[in-house]
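# Close look at the chain arrangement
Listed below, chain by chain, are the residues.
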Amino acid sequence: MGLADAVHAAFQPEGVLSRTEGHYRARAGQIRMADAVARTIELGGALVVEAGTGVGKTFAYLVPALLSGERVLLSTATKALQDQLFARDLPQLVSALGLPVRTALLKGRGSYLCLHRMEQARQDTALHDRNVQRVLAKVEVWSHSTRSGDLAELPGLDERSPVIALITSTRENCLGVACSRFRQCHVHIARREALAADVVVINHHLFFADVAVRESGMAELLPTVRVVVLDEAHQINEIGVQFLGTHLSTGQWLDYSRDLLATGLQHVRGLADWSTLAAHLERACGDLRIAVGPRGPGAKLRWTGEVPETVTPAGWHAALRGMASACAQAMEALDPLSEVSPDLVRLYERGSELLARLGRFAAPCSPDAVRWLDVGGQLRLVESPLDIAQTMQTRVLVAPAESDAAKDDGDGWPAPAQHAGRAWIFTSATLGDDAGLTWFTERCGLQNAEILRVDSPFDYASQAALYVPRQLPEPSDPGHGLAVAGLAGAAASRLGGRTLVLTTTLKALRAIGDALQARFSTLEGPEVLVQGDRPKRQLMQRFREGASGGGRGCVLVASASFWEGFDVPGDALQLVVIDKLPFPPPGDPLIEARSQRIKAAGGRPFQMVAVPEAAVALKQGAGRLIRRESDRGVLVVCDTRLATMGYGKRLMRALPPMRVLENPEGLEAALDALTRTSTTDWTWS
């Protein structure tokens, strides 16, 4: 049986997939995508698939990948999606297909407990407050029972907790084979299991970390893999450029200072003045911040010349020299003591790496990169390529070595395709707003890939409506945020919550969130959840609970990561409100540099950069509304430019084909219809 035939058989109404879930039904778009994936696996090459919401893209690539008998690497955007793929989708299919497949989950080292650093943190009790000590004690108890060491398994650990930095390792501070706990190291064990598995699930951050520094454990894994699937692929360019550039932060220097002090006092107390050396490093960081001067949080300073814009050269260079001097003094103290402990050896190596990065930023910027200074809780010096196209073509999309011998299928399943190049599958619900998906393919070096677009099977005209309120102030008006809060609050009152408000800025997030919390301050109205007030996991769980069991419905005000990957099928979400069109933020160095490159080539930057960026982001946000065939709801985009500007038509075409509401009365009627019946039998009045 060939791979294409096996895939078709699996997707038939009475095929093996029908046993995975009771409501399975064959979908033409899903089968079309699965056919393309199977063909790419057999022939090799690259396939780019934009699969609309509801197509079932996960099974469309998993079924042919599993049936191929090839070794498979699956990469997705976030650790949460990784966990879902590994714990739910893969076991479901492997069981249904009856395949003897070994699967493994591999995350970055920051996701795993480091036993060595946990022990260090427990010993340095004087450096931590009581809350930190209490959490450390709980982690230590959990460490005796966990097999994987994956911190996602630790109940109640806030992802924002400062303890995480104390109990995990980084590339900079990991001791590697010199560590006394190396044989029990959770990172090492996870990598070893990945090397022995047939299907390995990773995330894009891990993938590009390895491309950049060959450190993630992928260096041995990727050459043995013939099928690579990158799901949520619309994120790979922005994730890739983060890792392919050079970064230096004051946070790294302060971590180095703290580790120097703690390790020096623990292992070689009295052999150097560790307190003074650490203080010099901290003071040097402070001097650099003083040299930058007062800046608002989130400011990004252009850096096209010798120093970042508005920064005085004399002060900047003096601060860099101070940092170099403080680091050199620390290394001088560490040099004769390296044989005492592997921790001291690694500290010396870290100092050398920090000095090398400092030297990079003291030199001119690479001509094919962009450089800037990011001002936030810490200073981040960044030099980044404009995209990942060259890296993808020269270092990633390369043919694997041919396997030594064909596998024996022996059980009726197709044998692996032999002597074909590696198969690359890139897929997402949003990869661009034109037929060639150029927003994605050009930045990722995939101009020669096969392109497939599969529309959503949902009947958006009957399931959803779009409303653009013309009466609201312009997006630039200071009163716009309060007006959005007023509209969202009135609609949420009618629905009893069930509302997601997506903002384009943190400023709008806070203003709209505060206004809605003030409006619904009593227990009679819906509960207002605002991103940042609780851990993200808790916000998502509470919102999904909605008004089930007679409880209060919810209004969630969120930004950034909630625009995508937030899945709320059913009655808990019936209204999505977007405050503004999600154009790239003004002053973003990468966007500016990309625009300048296009302008120099005779192109139109706004049409070729800003509008496609907004189209993809808008489509992602709108995609939160309808997740199943039974869902019903309303999308409100509170930006009059969608209806009045020429580019608005292009953005409208990027949205699902929803029914358009023309006036406030139409919106009220649609909301009332949602409240009269459940979403399973609701229709437009």
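Counting restarts for each chain, with residues numbered from 1 along the sequence as it is written. Predicted model: local features are reported for residues with pLDDT of at least 70 only, side-chain atom pairs are reported and counted for 80 or more only, and whole-chain, interface and lining totals are derived from all residues. Based on all heavy atoms of the structure, the side-chain values leave hydrogens and waters out of the count.

## Describing unusual backbone geometry
Even without being a glycine, Leu437 presents a positive backbone phi close to 50°. The buried label applies to any residue whose accessible area, calculated with a 1.4 Å probe on protein chains only, is under 20% of its type's maximum; exposed applies above 50%, and partly exposed to all values in between. Taking the relative accessible area as the measure of exposure, Leu437 reaches 0% and is therefore buried. The backbone of Ala560 sits at a positive phi, close to 50°, despite the residue not being glycine.

## Quick look at the pattern of salt bridges
Any Lys or Arg side-chain nitrogen found within 4 Å of a carboxyl oxygen on Asp or Glu counts as a salt bridge. Within the structure shown, the criterion is met by 40 salt bridges. Note that Lys107 is salt-bridged to Asp83, the shortest N-O span being 2.9 Å. Of this pair, Lys107 sits in the loop between strand 3 (103-105) and helix 5 (115-123) while Asp83 is found in helix 4 (residues 79-97), placing the two residues 24 residues apart along the sequence. Measuring nitrogen to oxygen at the nearest pair gives 2.8 Å for the salt bridge that ties Glu383 to Arg360. With a gap of 23 residues between them, Glu383 in strand 9 (residues 379-385) and Arg360 in helix 15 (residues 342-362) connect regions that are remote in the sequence. By relative accessible area, Glu383 is classed as buried at 2%. The structure contains a network of salt bridges with shared partners spanning Glu238, Arg443, Arg594 and Glu613. Helix numbers and strand numbers start at the N terminus; a helix is a DSSP run of H or I with at least 4 residues, a strand a run of E with at least 2.

## Concerning the packing of aromatic side chains
Two rings belonging to Phe, Tyr or Trp (six-membered ring only in the last case) form a pair when the distance between their centres is within 6.5 Å. Interplanar angles under 30 degrees mark stacking, angles over 60 mark edge-to-face geometry, and anything in between is tilted. For the coordinates displayed, the defined rule picks out 12 aromatic pairs. Geometrically, the ring pair formed by Phe583 and Phe606 is tilted, given 5.6 Å between the ring centres and 35° between the ring planes. Of this pair, Phe583 sits in the loop between strand 16 (575-578) and helix 22 (589-600) while Phe606 sits in helix 23 (residues 605-622), placing them 23 residues apart in sequence. With a centroid separation of 5.4 Å and 85° between ring planes, the pair formed by Phe583 and Tyr647 is classed as edge-to-face. With Phe583 in the loop between strand 16 and helix 22 and Tyr647 in helix 25 (residues 646-654), this residue pair connects regions lying 64 residues apart in the sequence. Both residues of the pair, Phe583 and Tyr647, belong to the buried class. Each member of the aromatic cluster is reached from another via a ring pair, and the members are Phe207, Phe208, Trp424, Phe426 and Phe440. Whether a charge sits over a ring comes down to the Lys NZ or Arg CZ being within 6 Å of the ring centre and within 35 degrees of the ring normal. Over the aromatic face of Phe562 sits the side chain of Lys536, whose NZ or CZ is 5.1 Å from the ring centroid.

## Details of helix 26 (residues 664-676)
For helix 26, which comprises 13 residues, the first-to-last C-alpha distance of 19 Å matches the rise-based estimate of 18 Å (1.5 Å per residue) to within 8%. Turning to helix 26, its buried residues number three or more, namely Gly666, Leu667, Ala670, Leu671, Ala673 and Leu674. Down the axis of helix 26, the buried set is contained in an arc of 155°. They therefore lie on one face. Along helix 26, exposed side chains directed more than 90 degrees from the buried face belong to Glu665 and Arg676. Contacts made by the buried residues of helix 26 are with strand 12 (464-467), helix 19 (480-495), strand 17 (633-637) and strand 18 (659-661). Helix span, expected: 1.5 Å multiplied by one less than the number of residues in the helix. When we speak of the arc, we mean the arc of directions from the helix axis to the C-beta atoms. Every residue pair with non-hydrogen atoms within 4.5 Å of one another is taken to be in contact.

## Concerning the packing of helix 23 against helix 25
Orientation of helix 23 relative to helix 25, taken along the N-to-C sense of each, is 40°, at an axis distance of 9 Å. As helix 23 runs across helix 25, the sense of the crossing is right-handed. Listed contacts from helix 25 to Phe606, Gln607, Val611, Pro612, Ala614, Ala615, Leu618 and Lys619 of helix 23 are Tyr647, Arg650, Leu651 and Ala654. Note on residue categories: nonpolar means Ala, Val, Leu, Ile, Met, Phe, Trp, Tyr, Cys or Pro, charged means Asp, Glu, Lys or Arg, and polar means any other residue, Gly included. Of the residues contributing to the contact of helix 23 with helix 25, the split by class is nine nonpolar, one polar and two charged. In this analysis an axis means a line fitted to C-alpha atoms, helices contributing only their contacting stretch, and an angle means the value between N-to-C directions, from 0 to 180 degrees. Should the near helix be turned counterclockwise from the far one by less than a right angle, the crossing is left-handed, whereas a clockwise turn marks it as right-handed.

## Here we look at helix 19
Between its first and last C-alpha, helix 19 extends 23 Å over 16 residues, near the 22 Å set by a 1.5 Å rise per residue. Inspection of helix 19 places His480, Gly481, Val484, Ala485, Leu487, Ala488, Gly489, Ala491, Ala492 and Leu495 among the buried residues, and these make up the whole buried set. One or two steps after helix 19, the chain reaches Gly496, where phi turns positive at roughly 70°.

## Details of the sheet that holds strand 8 (residues 369-375)
Strand pairing is defined by DSSP finding a minimum of two bridges between the two strands. Taken in spatial order, the four strands make up an open sheet running 6-9-8-7, and their pairing is antiparallel. Two strands close off the open sheet at either side, each with one partner strand: strand 6 (246-249) and strand 7 (299-302). Going across the sheet, the axis of each strand differs from the next one's by a mean of 20°, ignoring polarity. As paired elements, strand 8 and strand 9 share seven bridges and run antiparallel to each other.

## Structural notes on the pairing of strand 4 (residues 199-203)
The buried count for strand 4 comes to five of five residues, which makes it a mostly enclosed element. Burial along strand 4 is two-sided: Val199, Val201 and Asn203 facing one way and Val200 and Ile202 facing the other are all buried. Pairing of strand 2 (residues 72-76) with strand 4, which is carried by five bridges, proceeds in the parallel orientation. Bridge pairing in strand 4 links Leu73 to Val200.

## Side note on the sheet that holds strand 11 (residues 450-454)
Hydrogen bonds along the backbone pair up the strands of a sheet, which may run parallel or antiparallel. Spatially, the seven strands line up as an open sheet ordered 3-4-2-5-10-1-11, and their pairing is parallel. The open sheet is flanked by strand 3 and strand 11, the only strands paired with a single partner. Averaged over neighbouring strand pairs, the angle between their axes works out to 15° when direction is ignored. Here strand 3 pairs with strand 4 via three bridges, running parallel.

## Remarks on the confidence of the model for the chain
Across the chain, the average pLDDT comes to 90, with 92% of residues at or above 70. Every residue in residues 401-419 is under pLDDT 50, and counting partners more than four places away or in other chains gives 29 contacts. One confidence number per residue, pLDDT, is output by the predictor and ranges from 0 to 100.

## Re the packing of helix 22 against helix 23
Interaxial distance between helix 22 and helix 23 falls to 8 Å at its minimum, and their mutual angle equals 145°. Of the residues in helix 23, those in contact with Ile591, Arg594, Ser595, Ile598 and Lys599 of helix 22 are Pro605, Met608, Val609 and Glu613. Broken down by class, the residue content of the contact of helix 22 with helix 23 amounts to five nonpolar, one polar and three charged.

## Topic: the side chain of Glu613
Here Glu613 is to be found in helix 23. Apart from residues lying up to four places away in sequence, Glu613 is in contact with Trp439, Arg443, Pro582, Pro584, Ile591 and Arg594.

## Considerations on the pairing of strand 15 (residues 554-558)
For strand 15, the tally of buried residues reaches five of five residues, placing the bulk of the element in the interior. What you see with strand 15 is no split at all: Cys554, Leu556 and Ala558 on one side and Val555 and Val557 on the other are buried throughout. Across four bridges, the pairing between strand 13 (residues 499-502) and strand 15 is parallel. Among the inter-strand pairings, Thr499 is bridged to a residue of strand 15, identified as Val555. In this structure, strand 14 (residues 527-530) lies alongside strand 15, joined through four bridges in parallel fashion. For Glu527, the partnering residue across the bridge sits in strand 15 and is Cys554.

## As for the environment of Lys79
Mapping Lys79 onto the fold places it in helix 4. Taking relative accessible area as the criterion, Lys79 reaches 43% and is therefore assigned partly exposed. With 205 residues separating them along the chain, Lys79 and Ala284 place their C-alpha atoms 35 Å apart. Beyond its immediate chain neighbours, meaning those up to four positions away, Lys79 contacts Lys107, Ser111 and Asn203.

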